[in-house]
Amino acid sequence: MLLRGSWRRLALASAPRPWHRRAGSEVGAAAAPRYEVVVIGGGHAGAEAAAAAARGGARTLLLTHKIGTIGEMSCNPSFGGIGKGHLMREVDALDGLCGRVCDRSGVHYKVLNRRKGPAVWGLRAQIDRGLYKEHMQKEILNTPLLTVHEASVEDLLLTEPEPDHPGKCQVTGVVLGDGSTVHAGSVILTTGTFLRGMILIGLETYPAGRLGDQPAIGLAQTLEKLGFAVGRLKTGTPPRLAKDTIDFSGLQEHAADNPPVPFSFLSEAVWIKPEDQLLCYLTRTTLKAQEIICDNLHVNNHIRETTRGPRYCPSLEAKVLRFPNREHQVWLEPEGLESNVIYPQGVSMTLPPELQEQVIRSIPGLEKAKILQPGYGVQYDFLDPRQLTASLESRLVQRLFFAGQINGTTGYEEAAAQGVIAGINACLRVRGKPPFIVSRTEGYIGVLIDDLTTLGTSEPYRMFTSRVEFRVSLRPDNADARLTHRGFEEAGCVSQQRYEQAVKMRAALEDGIATLKSLQFSISKWSQLVPEVPISSSRKLPLSAFDVLQYPEANMELLARAVPEPLGKLAQWRQLAERLKIEAAYEWCVENQQQEIEEVHRDEALRLPEDIDYFAIDASLSLEVREKLDSNRPQTIGALSRIPGITPAAIVNLLRFVKTNCQKAEKLKALPQTDKYFPEKMYSEKAASQRQISAKSSEEKQEYLC
């Protein structure tokens, strides 16, 4: 992450650090360096963005305060989970880094939600912090066309806007902490929690984006001056405990999966042997912890603040206040194979350190636990993501992209997903190519970005499977089939090796399904071949092997034993056998869902003009609807329909207006361009009047609320 004034501190200690050059990069000695893409921030979003832009062929510069903190896991030592594991698979399908790195640094792999269908399984892993950072830095520092430089960024270089794109100006580079400049074709901001970040412990506050690191003030001021709507969010982290001071004997053990399931489609297996994986332990809080928290709320600024915190990963204080007189789960998670640090998931708190110790020691198993680092809260600025397009480019400043917590999200996975999309599109923007958009029907990434850019957020946004309408089709197992081909052909961010593997898997799946469907026997014959499967007598005749595979009791290994030829070869390739089973299980659901997906595609194809003035247009829309449209700026009719408060009548009226005016615009192109034919002139007085009414209405609401 970037910290204001960091270059000056480095300069005091030693001479400025050199530019870390990579294959294909150039650094001018006299003139200001110029790159096609500049990424600000070396966190999870920044690392993925920089790598994606470089994979796409753009000469890329990653600016970070410390190269040594690239890949830093600032909070929990884990990746994945329900919904989040889907994001990781999709990032991997686009040749992103985090999945592969997790497969080389995990210490406890577990698939969550196995009691439900594979569509909502959540791949998750406890990660060795040190190994993850080491492998991520190795990936970043050895990526062709990617240069890494230690510096703070204080300001943006701006110029006149391009006439054919929305925005009041265009970014052309950045100003570093020492006053030097770097020119860029596109700039990506991934500043995480560092924009005016403030750490809180008890009643004490420290300007910081992470414990021990200073916040980014200059950039925050620049963005505010440019007119970006800025909000304030908060998050927190629990105290870290010494492993050798914890009594695990009476706690509930939780073992890892055997065999572990990798995140990456390129990984045959993870790096660690199943038997070498570490255990996690479960304990619970007591009413004594609740008593300590409730008696000391007066010395806890963070919990008393009105800044919105994470709903789905709240602090222990928030849980105690929201759900009193309950025991709350505390997961004791290892931070690495050689680490003596335990991360107590579920007890994020911001009490003074001495009170945190009392709370910790009131928990079974932690009676003698030693706190190595106290928990703390972080409050930080974020930008309203409705100011972005679906490509994550700003509507206000052309060629300026945003990714990660600056957009109001929480979690490594959400940051990585935004980072890879921002990196791809920053590269395509420089090339003058159409943006790479993942729709809601194509991936969890599409749902994440559509939710943010269409609806915005008032609290840290976390991905869940429940947010996804087409989750039966958007499964972890088929992310490569959905995205790898597009990433290779449209974005150019996917390697030849990954593309060929995806093509091979797709062909094998098609051949496998065809083979299974062609193998047909009577129900009585199947009952003899696979007596373990309770085949219904009401099924149609004859029954194919693909139909039999739909039963929960059936799998490819069982069918291959019953019919070695031709099914034996299909069962030998483990990944193929697993995916054939899932394809069979969801065939009927996917076919039914396809019609809904096509309807959404039709709506998404109806695009709204980017420069439309909702206060000026001559359409039958209420003032409230106009305000919502002006604030959300939907890009398609599909996005419009998802804005709360937009009525079906408003959608029809706007659609009618857009279609009518598109036809008029075609006719007007041939006419002389006088004031008579400019809609802007025709509607300017009406727009001004509407805005005055809107402003007056807002003032009245404020007075009423006061």
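Scroll up a little and you will see the structure.
Quick notes on the rules
Residues numbered from 1 in each chain as written. Predicted model: local features only at pLDDT ≥ 70, side-chain atom pairs only at ≥ 80, totals over all residues. Heavy atoms only, no water. Helix = DSSP H or I, 4+ residues; strand = E, 2+ residues; numbered from the N terminus. Buried < 20%, exposed > 50% of the residue type's maximum accessible area, 1.4 Å probe, protein only. Contact = heavy atoms within 4.5 Å. Areas by Shrake-Rupley, 256 points an atom, 1.4 Å probe, with all protein chains shown as cover. Pairing = 2+ DSSP bridges. Axes fitted to C-alpha atoms, helices over the stretch in contact; angles between N-to-C directions. Phe/Tyr/Trp six-rings, centres within 6.5 Å; stacked < 30°, edge-to-face > 60°. Lys NZ or Arg CZ within 6 Å of the ring centre and 35° of its normal. Salt bridge = Lys/Arg side-chain N within 4 Å of Asp/Glu carboxyl O. Parallel < 35°, antiparallel > 145°, perpendicular 65-115°, else oblique. Left-handed = near helix turned anticlockwise from the far one by under 90°. Core = buried A, V, L, I, M, F, W, Y, C linked by side-chain atoms within 4.5 Å. Nonpolar A, V, L, I, M, F, W, Y, C, P; charged D, E, K, R; others polar.

J.: Help me understand the overall build of the protein, please; the structure alone is not making it clear to me.
T.: Assigned secondary structure in the protein consists of 23 helices and 23 strands. Out of the 706 residues belonging to the protein, those deemed buried represent 56%. Residue pairs at least 24 apart in sequence account for 73% of intrachain contacts in the protein once pairs closer than 6 positions are excluded. In the form shown here, the protein has an accessible surface area of approximately 30,500 Å², with 52% of it arising from carbon and sulfur atoms.

J.: Is there a simple way to think about the environment of Met349 in this case?
T.: Of note, Met349 is situated in the loop between strand E17 (341-345) and helix H10 (353-360). Setting aside its immediate chain neighbours within four residues, Met349 contacts Thr237, Pro238, Pro239, Leu316, Glu317, Gln356, Val359, Ile360, Gly375 and Tyr376.

J.: Help me out: how do you make sense of the sheet that holds strand E4 (residues 106-112) in this one?
T.: The strands making up a sheet are joined through hydrogen bonds of the backbone, oriented either antiparallel or parallel. Judged by pairing direction, the sheet is antiparallel, and its three strands sit side by side in the order E3-E5-E4 without closing on themselves. Two strands lie at the open edges of the sheet, namely strand E3 (78-80) and E4, each paired on one side alone. Pairs of neighbouring strands in the sheet enclose a mean axial angle of 15°, with direction left out of account. The pairing of E3 with strand E5 (residues 122-127) spans three bridges and is classified as antiparallel. Looking across to E5, one finds that Phe79 is bridged to Ala125.

J.: I'm lost on helix H3 (residues 84-93) in this one. Help?
T.: Turn by turn, an α-helix covers 3.6 residues, leaving residues three or four places apart pointing in a common direction. When you tally the buried positions in H3, you get 10 out of 10 residues, the bulk of the element. Buried residues of H3: Lys84, Gly85, His86, Leu87, Met88, Arg89, Glu90, Val91, Asp92 and Ala93, and no others. Of the residues trailing H3, Asp95 is marked for its positive phi of about 70°.

J.: Could you clarify how one ought to interpret the pairing of strand E11 (residues 204-207) in this entry?
T.: Residues in a regular strand project their side chains so that they alternate between the two faces of the sheet. In this sheet, E11 lies alongside strand E10 (residues 198-201) in antiparallel orientation, the contact comprising four bridges. Note that in E11 the partner of Leu200 across the bridge is Thr205. Where E10 hands over to E11, the hairpin turn is made up of two residues, of which Gly202 adopts a positive phi near 65°.

J.: For this particular structure, what's the right way to read the packing of aromatic side chains?
T.: How two aromatic rings sit relative to each other is given by the distance of their centres and the angle of their planes. A complete count under the given rule lists six aromatic pairs for this structure. On the basis of an interplanar angle of 70° and a centroid distance of 5.5 Å, the ring pair of Phe228 and Phe402 is categorised as edge-to-face. With Phe228 in the loop between helix H6 (218-225) and strand E12 (230-237) and Phe402 in strand E21 (residues 400-402), this residue pair connects regions lying 174 residues apart in the sequence. With 3.9 Å between their ring centres and 10° between their planes, Phe488 and Tyr499 make a pair best called stacked. Residue Phe488 is located in helix H13 (residues 479-491), and its partner Tyr499 is located in helix H14 (residues 496-518); the two are separated by 11 residues in the primary sequence. Taking relative accessible area as the criterion, Phe488 reaches 25% and is therefore assigned partly exposed. Given the relative accessible area of 17%, Tyr499 is considered buried. An aromatic cluster is built from Phe79, Tyr132 and Tyr412, whose rings are joined through pairwise contacts. Stacked on the ring of Phe265, the Lys or Arg Arg89 has its end atom at 4.7 Å from the ring centre.

J.: What is the right way to look at the sheet that holds strand E19 (residues 376-383) in this model?
T.: Read from one edge to the other, the open sheet built from four strands follows the order E11-E10-E19-E12, with strand pairing classed as antiparallel. Only two strands of the sheet have a single neighbouring strand rather than two, namely E11 and E12. Shown here is a sheet whose adjacent strand axes are inclined to one another by a mean of 25°, direction ignored. Across eight bridges, E12 lies against E19 in antiparallel orientation. Bridged to Gly231 within E19 is Phe382.

J.: Is there a simple way to explain the pattern of salt bridges in this structure?
T.: When their charged atoms lie close together, side chains carrying opposite charge are able to pair. Considering all chains together, one arrives at 36 salt bridges under this definition. Residue Arg440 is joined to Asp451 by a salt bridge in which the shortest nitrogen-to-oxygen separation is 2.8 Å. In this pair, Arg440 is assigned in the loop between helix H11 (412-431) and helix H12 (444-455) and Asp451 in helix H12, connecting sequence segments 11 residues apart. Asp451 matches Arg440 in its accessibility class, with the two residues each being buried. A salt bridge links Glu442 to Arg486; the shortest N-O distance between them is 3.0 Å. Linking Glu442 in the loop between H11 and H12 with Arg486 in helix H13, this pair joins segments that are 44 residues apart in sequence. Given a relative accessible area of 21%, Glu442 falls into the partly exposed group. Among the charged side chains, a network of salt bridges with common partners joins Asp92, Asp95, Arg100, Arg104, Glu139 and Arg498.

J.: Honestly, the packing of helix H2 (residues 44-55) against H11 in this entry has me stumped. Any pointers?
T.: How two helices pack is summed up by the angle between their axes together with the distance between the axes. As a packed pair, H2 and H11 sit with axes 7 Å apart at the nearest point and diverge in direction by 30°. When the interaxial angle is binned, H2 and H11 end up roughly parallel. Of the two elements, H2 crosses H11, and the hand of that crossing is right-handed. Residues His44, Ala45, Glu48, Ala49, Ala52, Ala53 and Arg55 of H2 pack against Tyr412, Ala415, Ala416, Gly419, Val420, Gly423, Ile424 and Cys427 of H11.

J.: In this structure, what is going on with the nonpolar core? I would like to understand it.
T.: Here is a general trend for soluble globular proteins: nonpolar side chains tend to be buried in one another's company. Of all hydrophobic cores here, the largest spans 105 residues; its most connected members are Val38, Ile140, Val174, Leu223 and Leu400. When residues in this core are grouped by element, the largest group, 11 residues, is from H11. The contact partners of Ile140, leaving out residues within four places of it in the chain, are Ala47, Ala51, Leu62, Ile70, Leu97, Leu146 and Val148. By size, the runner-up hydrophobic cluster in this structure holds 30 residues, among which are Ala508, Leu543, Ala560 and Ala584.

J.: Where do I start with the packing of helix H18 (residues 564-572) against helix H19 (residues 574-605) in this structure?
T.: Between H18 and H19, the least distance of the axes is 5 Å, while the angle of their chain directions is 110°. Between H18 and H19, the angle is such that the two are roughly perpendicular. The segment H18 lies against H19, with Leu570, Ala571 and Gln572 engaging Arg574, Leu576, Ala577 and Leu580. Broken down by class, the residue content of the contact of H18 with H19 amounts to five nonpolar, one polar and one charged.

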